[in-house]
Amino acid sequence: RAHYKLPPNKYGMQIYRDEKNTATVDTFFKEWCYNSACNLEISKTLPALRELYDGLPWNDMPVLVVAAGPSFYRSIELIKEAQEKGFKIVAVDRIFNDLKENGIKPDITFTMDSQEIVCDFFDEKNIEEEDVFAINITSSPKLFEKLSKGKIYIYGTINPYGALDDNLHVPH
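First things first, this report covers the structure right here in the doc.

Reading the values: the criteria
Residues numbered from 1 in each chain as written. Predicted model: local features only at pLDDT ≥ 70, side-chain atom pairs only at ≥ 80, totals over all residues. Heavy atoms only, no water. Helix = DSSP H or I, 4+ residues; strand = E, 2+ residues; numbered from the N terminus. Buried < 20%, exposed > 50% of the residue type's maximum accessible area, 1.4 Å probe, protein only. Contact = heavy atoms within 4.5 Å. Areas by Shrake-Rupley, 256 points an atom, 1.4 Å probe, with all protein chains shown as cover. Phe/Tyr/Trp six-rings, centres within 6.5 Å; stacked < 30°, edge-to-face > 60°. Lys NZ or Arg CZ within 6 Å of the ring centre and 35° of its normal. Pairing = 2+ DSSP bridges. Right-handed = clockwise from strand over helix to strand, strands pointing away. Axes fitted to C-alpha atoms, helices over the stretch in contact; angles between N-to-C directions. Expected span 1.5 Å × (residues − 1). Bend = angle between axes of the 7 residues up to and from the residue.

**Some remarks on the overall build of the chain**
- Along its length, the chain carries seven helices and seven strands.
- Seen in sequence order, the chain has helices and strands lined up from the N terminus as β-β-α-α-β-α-α-β-α-β-β-α-β-α.
- Taking all 172 residues of the chain together, the buried fraction comes to 43%.
- Considering only intrachain contacts with a sequence separation of at least 6, the fraction spanning at least 24 residues in the chain is 57%.
- Within the structure as shown, the chain displays about 9,800 Å² of accessible surface, and the carbon and sulfur contribution to it stands at 54%.

Written out as structure tokens, the structure reads:
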């Protein structure tokens, strides 16, 4: 079984290879490297996600992670109620527009896919200065441009699927 983990560089980038993600790495590695190189200059101007994470006063607060899926549309009222009760809303990129268009403002929206199509997940009319985005350094450079109206925090792994475990220390 092939498995290795390189230590993070100064941008926190890491790569993993094991049976679970070999196909993903083989498919997207060049794109991750290309996007990362294109994003190096802007990454120097953005705060690291670690800065936000270390400063969040959420230790004793409930958090609701909202992702796309068939149950989302049946759960809109429950999500609104949770937010009214003080839950912090953590969204994935794909659901950002739907949340905003239903009167729900995510506290932070994560995006980690490197493909340019992710830009389509964000309608410019829904992006406000108060919106907070966590964007992987491997994301499309066009995504940084599209979300520039909001507050962007950058994080990085060469394999984005390892980001939450290694950069935020969130266990499965």
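So much for the structure itself; the text now carries on.
**Points about the packing of aromatic side chains**
- Tallied over the entire structure, the rule returns five aromatic pairs.
- Look at F96 and F133: their rings are 5.4 Å apart centre to centre, the planes differ by 55°, and that puts the pair in the tilted class. Placement of the pair is F96 in helix α5 (residues 96–101) and F133 in strand β6 (residues 132–136), with a sequence separation of 37 residues.
- Residue class for F96 comes out buried when judged on its relative accessible area of 0%.
- Assessed through its relative accessible area of 1%, F133 is described here as buried.
- Ring pairing ties together the aromatic residues F96, F122 and F133, which thus form one cluster.
- Between the NZ or CZ atom of K151 and the centre of the ring of Y153, over which it lies, the distance is 5.3 Å.

**Considerations on the environment of V118**
- Mapped onto the secondary structure, V118 falls in the loop between β5 (108–111) and β6.
- With 21 residues separating them along the chain, V118 and S139 place their C-alpha atoms 8.6 Å apart.
- Beyond its immediate sequence surroundings of up to four residues, V118 is in contact with D93, T111, D113 and L143.

**So, the pairing of strand β4 (residues 88–92)**
- With four bridges joining them, strand β3 (residues 63–66) and β4 adopt parallel strand pairing. Bridge pairing links V66 to A91 in β4.
- Following the chain from β4 across α5 to the adjacent parallel β5, one finds a crossover that is right-handed.

**Structural notes on the sheet that holds β5**
- Across the sheet, five strands lie side by side as β3-β4-β5-β6-β7; this open sheet has parallel pairing. Looking along the sheet, the strands with just one partner apiece sit at the ends: β3 and β7 (151–155). With strand direction ignored, the average angle separating the axes of adjacent strands in the sheet is 20°.
- Two strands pair when backbone bridges link them, and β5 and β6 are joined in this way by three bridges, in the parallel orientation. Bridging from a neighbouring strand, F110 pairs with A134 of β6.

**Focus on helix α1 (residues 22–43)**
- With 22 residues, α1 should cover 32 Å at 1.5 Å per step; its first-to-last C-alpha distance of 27 Å lies more than 12% under that length.
- Along its length, α1 shows its largest kink, about 55°, at F28.
- By the burial criterion, the buried members of α1 are V25, W32, N35, S36, N39 and S43.

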